[in-house]
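These are the residues of each chain, in order.
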Amino acid sequence: MGEAAKFEDALWSTLVAVGLLGVFGYAVAATTALMRARQAGSPWTGAWAAPAREVARLLVRQRTAVPGSDRLLARVGGALLPIAAIMALLILPFDSQPRGPHAISDLSIGVVWFNAMEVLAWVAVWMVGWGSNSAWGVVGANRFLAQGLAYELPHMFALVTVAVGAGSLRVSDIAAAQTGGLWFVVVMPVAFIVFLLSVMGFSFWGPFDQAVGRDIASGVAAQLSGVDRLVFLVGRYLMLTVGSAMAVPLFLGGDAGPVLPGWAWLLVKTVAVLAVLVWVGQRWPTIRMERFTEISWIVLLPAGILQALVVSIFVLVGWM
Amino acid sequence: MVEAIVFGVCALGSVACGVTVFRVNSMARATFALLASFVLAAVPILLLGLSYLGVLVILMMVMEMMIMLVFMLMYMMNPAGLMPMKMVHNNRMSLVIAAVVFVVLAMGALITPWPRTGRASALEPTKDLGLDIMGPHMLVMVIIGIVLFATMVAVIVLSSARGRYDRFGDDLSIRPPQDPVKGGLGR
Amino acid sequence: MTLPLFLIFAAALFAVGLYGLLSQQSIVMIMMGLELTINGIIVAAAAVWYFISPGRPDAQTVILVAMAAMAVEMAMGFAVTTAIFRTRDVDMVDSASDLKG
C-alpha cells in the first residue's frame, strides 16, 4: 500500500473510531439517565434525549472564571481528558479478517501505551481540580490521586499477566493468541476483574466516583460550567468506553465469534462490557478511598501476583 | 530531516521547560513544567527506536510527578504562586558551576573520538532488554528489588507518625489496632 | 541527530538540574533538580545505546537502573522531608545543617 493510501486509511479509521466512541459515550449517558429516572420513579421515556438536552444546555451556558484560579492548568486538564482517551484508542485492533490485524497504529508496545494514556487521566483530573481554586476541587483531586495509587499497581499486574500469557505487548498479538484456545477471561479471571475495577477507577465511575462525589459539592467538577464542563464529562465517558473497548482484545478474544463479521463481534462485546460497568456504576455505593486502599493492597495485589505466577507456569509448561 | 527537526524542537523544549521549573512562582506549574520536560525528553528516545523505554519513561514520570505534586503542595510555602518569592541561596555560584559543567561536558562530547560502529540497530530492543535482565544482568534487577524494599521500609519508619505502642497500646496487647482511619478489611 | 548532539542535549539537562540542585533552598526543589539530572543521564544512555552499541542491551539496563534510582531518591527525600517537617515545621535545607562542620 502506498503511503498516501495508508494515511487515508488511518484517517478514515480514526474518524470512524472517534464517531463510534461518541455514540457509545452517548449511549452510556442515556442509559445512566434512564436508570436514574426509573429509580426515582419519574417517567423514563424522555431519558434517551437527556444527554442531548444536557449538551445543549451546557453549550449555551457561560463559562465561569473563578478569580485567582490557575486557568491555564484548568483548561489544559479539561482538554487532556478526552485527548488521552482518544490517544488510548490508537492501539485497538478493529478488524483482523481478512487482511490481518488492523488498528489505527498497531504499536509494538500497545499495552504499555494504553497504560501511559490512562495515567494521563491522573494529570487531567488533578489539573481540573486544582484549577477550580476551591477547597472541594483540591480535595477531589487528591482523592483521585489516592484512588489512582490504589488501583494502579494491581492494574499494571493485570496488564503484565495478559502480556505474559500472549508473549507479546502488541494488542493484535494478544487478540490473536486467544483464537483457537480459551479466552483470557477464563484463564486469568482475577486479572479481568482487576482490569474492570481499574477501568471504573480511571474514569471515576460508579463506586470510584469519590473525586466528583456529592459530599464535596462534586469535587473536581465543582467550578466547571459551560463548555469546560461538557468537555470534562465527555472525557469521562470516553475514558470509560475506551477502557471497556480495551477489555475486548485483552480478555474477550478480540473479534472472534461464530456467525457475525469481526467488527460486529467487537461492538457486541464492547457493549456487553459497557453494560456491566454501567450497571455496577448505578448499583454500588461509592467506596471510600481509605477502605479501597487497604482492599487493593492486601487483597487485589497478592491475588494479581498469584495470577501472574499461575499464567507464567502455564506458559512455561506449554499450555499457552 | 523530519526526525532532526522533531529532535531539535523536543531538545530545546525540554531544556526550556527544565529552566522554567526554577523560574515560575507556582509550585503546581513547576511540577507540570518538569513533567513537560520529561515527556519532551522521551520523544527523542522514541525516535531512536527504544519504544518500550520511551513509553515507560512517560508512564513512570507522569505517576511520579503527580505524587511529587502532592508533596510540593504540602511542604512548599507558595503552592499557587500568588506572591513572588526568592527561594535560592548561592545563586551566582550555582549558575557559574552549572555553566562550567555544561561547557566541559559539551566539549567532551564534541572532542572525544567516538567509536564508529556500524549503526545496525537491533531489531527488537525490547526483547533484548528482557532477555538481558533475565539472564546476564539478573543480579542488577535483584539488587534493585532489594534496594526498593529497603527504601519502602525506611520510608515508612521515617514518615509514620504512630509507632507500635500508639497502635497496640502500652503492652502491645490491644487487638484490633487503634488507628484514626480504618481500612476496608476491618483489620 | 548525531551522537554529539544527543550528548549536548543530555549535558544541558544535567547542567540545568545541577543548577537546581545547588541553588534551591527547599528539599523538594532540590529533588526536582536531581530528577532533571537523572533525566539527562537517561537521554545520554539511550543515545549511547543507539550510536555505539545497538547490539547489546547494556545501556538499556542503565536506563532501568536510573529510573529505579529516581524512584528511590524521591521516596527517601519525601520521607526525610516529612520527618524534618514534623519536628521543625520547616522544609529548608538551611535549617537542617546539624551535621555541618
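What to know about the domain arrangement of chain B
A common way to state how big an interface is: give the accessible area lost once the parts meet. The domain architecture assigned to chain B consists of domain 1 (1–81) and domain 2 (124–181). For domain 1 of chain B versus domain 2 of chain B, the distance between C-alpha centres works out to 27 Å.

Quick word on the interface of chain A and chain B
Across the contact, 24 residues belong to chain A and 20 residues belong to chain B. Only α4 (110–131), α5 (135–166) and α11 (289–317) of chain A provide two or more residues apiece to the side of chain A that touches chain B. Here the side of chain A that touches chain B gets ten residues from one element, more than from any other, and that element is α4 of chain A. Of the residues contributing to the side of chain A that touches chain B, the split by class is 16 nonpolar, four polar and four charged.

Digging into the interface of chain B and chain C
Taken together, the contacts link 67 residues of chain B with 60 residues of chain C. Elements with a contribution of two residues or more to the side of chain B that touches chain C: α1 (2–21), α2 (27–47), α3 (51–75), α4 (91–111), α5 (125–134) and α6 (138–159) of chain B. The dominant element in the side of chain B that touches chain C, judged by the number of residues it contributes, is α4 of chain B, at twelve residues. Here the side of chain B that touches chain C is built from residues that sort into 49 nonpolar, 13 polar and five charged.

What to know about the confidence of the model for chain C
All names here are of chain C. The predicted model of chain C has a mean per-residue pLDDT of 90, with 99% of residues at 70 or higher. No element of chain C has a lower mean pLDDT than helix α3 (residues 58–88), at 92, and none a higher one than helix α1 (residues 3–23), at 94. Interface confidence for the predicted complex, given as ipTM, is 0.90, next to a pTM of 0.91.

What to know about the nonpolar core
Val125 and Trp126 of chain A together with Val43 and Ala46 of chain C are the most contacted members of the largest nonpolar core, which totals 181 residues. Per-element tally for this core: the top contributor is α4 of chain A, with 17 residues. Setting aside residues no more than four positions away along its own chain, valine 125 of chain A makes contact with Ala141, Phe144, Phe204, Ala211 and Val220 of chain A.

Comments concerning unusual backbone geometry
Trans peptide bonds make up the majority, and among non-glycine residues the majority have a negative phi. The linkage connecting arginine 175 of chain B with the following residue, proline 176 of chain B, adopts the cis geometry, with an omega of -5°. One non-glycine residue, alanine 217 of chain A, adopts positive backbone phi at about 55°. Secondary-structure assignment places alanine 217 of chain A in the loop between α8 (189–202) and α9 (227–251). Positive phi is not limited to glycine here, since serine 218 of chain A has a value of about 55°. For serine 218 of chain A, the location among the structural elements is in the loop between α8 and α9. The partly exposed category is assigned to serine 218 of chain A, around which 18 C-beta atoms lie within 10 Å.

A closer look at the environment of alanine 47 of chain C
Residue and element names in this part refer to chain C. Relative to the assigned elements, alanine 47 resides in helix α2 (residues 27–51). When the C-alpha positions of alanine 47 and methionine 67 are compared, they lie 16 Å apart, and in sequence the two are 20 residues distant. Ignoring sequence-local partners within four residues, the contact set of alanine 47 consists of Leu3, Phe6, Leu7 and Ala10.

Calculation notes
- Residues numbered from 1 in each chain as written.
- Chains lettered and ligands numbered in written order.
- Predicted model: local features only at pLDDT ≥ 70, side-chain atom pairs only at ≥ 80, totals over all residues.
- Domains from an automatic or database assignment.
- Contact = placed C-beta atoms within 7 Å.
- Helix = DSSP H or I, 4+ residues; strand = E, 2+ residues; numbered from the N terminus.
- Nonpolar A, V, L, I, M, F, W, Y, C, P; charged D, E, K, R; others polar.
- pLDDT = per-residue confidence, 0-100.
- Core = buried A, V, L, I, M, F, W, Y, C linked by C-beta atoms within 7 Å.
- Buried ≥ 20, exposed ≤ 12 C-beta atoms within 10 Å, placed from the backbone.

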